Amino acid sequence: MNILNHNATDYPDLIEDGNFGSNTFNAVLKNKNPDAVVKYMNAFQGEYYADLAERNKKMEDFTNGWAQRLD
């Protein structure tokens, strides 16, 4: 969310703790481009899945199913 806040002018930077809490939810609501939020979340989710598969070759069996979640 911090990369989408226009240098903290739309909302203050969030502390990155890996949780989707009330501060993150409020930042999503304040974001001026909700489509960008969704696109970035999908991109980061895809990056996470790719990292899993690269670190553990057994996970490659799941990559096609994971890709369907990125729509």
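Residues numbered from 1 in each chain as written. Predicted model: local features only at pLDDT ≥ 70, side-chain atom pairs only at ≥ 80, totals over all residues. Heavy atoms only, no water.

Draft legend 1. Focus on helix α2 (residues 34-55). Helix length check: α2 (22 residues) gives 32 Å between terminal C-alpha atoms against 32 Å at 1.5 Å per residue, within 8%. When α2 is considered as a whole, its buried residues turn out to be Ala-36, Val-37, Gly-46, Tyr-49, Leu-52 and Ala-53. (Helix = DSSP H or I, 4+ residues; strand = E, 2+ residues; numbered from the N terminus. Expected span 1.5 Å × (residues − 1). Buried < 20%, exposed > 50% of the residue type's maximum accessible area, 1.4 Å probe, protein only.)

Draft legend 2. Highlighting the nonpolar core. Within the largest apolar cluster, 6 residues are counted, these being Leu-4, Tyr-11, Leu-14, Ala-27, Ala-36 and Val-37. With sequence-adjacent residues up to four places away left out, Leu-4 is seen in contact with Asp-10, Tyr-11, Asn-31, Ala-36, Val-37 and Tyr-40. (Core = buried A, V, L, I, M, F, W, Y, C linked by side-chain atoms within 4.5 Å. Contact = heavy atoms within 4.5 Å.)

Draft legend 3. Highlighting the packing of aromatic side chains. Considering all chains together, one arrives at 4 aromatic pairs under this definition. Every member of this aromatic cluster is reached through a ring pair, and the members are Tyr-48, Tyr-49, Phe-62 and Trp-66. (Phe/Tyr/Trp six-rings, centres within 6.5 Å; stacked < 30°, edge-to-face > 60°.)

Draft legend 4. A look at the environment of Tyr-40. Along the chain, the position of Tyr-40 falls in helix α2. The partly exposed category is assigned to Tyr-40, whose relative accessible area is 38%. Expressed as a C-alpha distance, the spacing of Tyr-40 and Thr-9, which sit 31 residues apart in the sequence, is 19 Å. For Tyr-40, the contacting residues outside a window of four places in its chain are Ile-3 and Leu-4.

Draft legend 5. Spatial organisation of the side chain of Asn-5. Secondary-structure assignment places Asn-5 in the segment before α1 (22-30). The exposure class assigned to Asn-5 is buried, which follows from its relative accessible area of 1%. Here Tyr-11 takes part through its backbone oxygen, which lies 3.0 Å from a polar atom of the side chain of Asn-5. Beyond its immediate chain neighbours, meaning those up to four positions away, Asn-5 contacts Asp-10, Tyr-11, Pro-12 and Asp-13. (Polar contact = N/O pair within 3.5 Å; in protein donor to acceptor, adjacent residues only side chain to side chain.)

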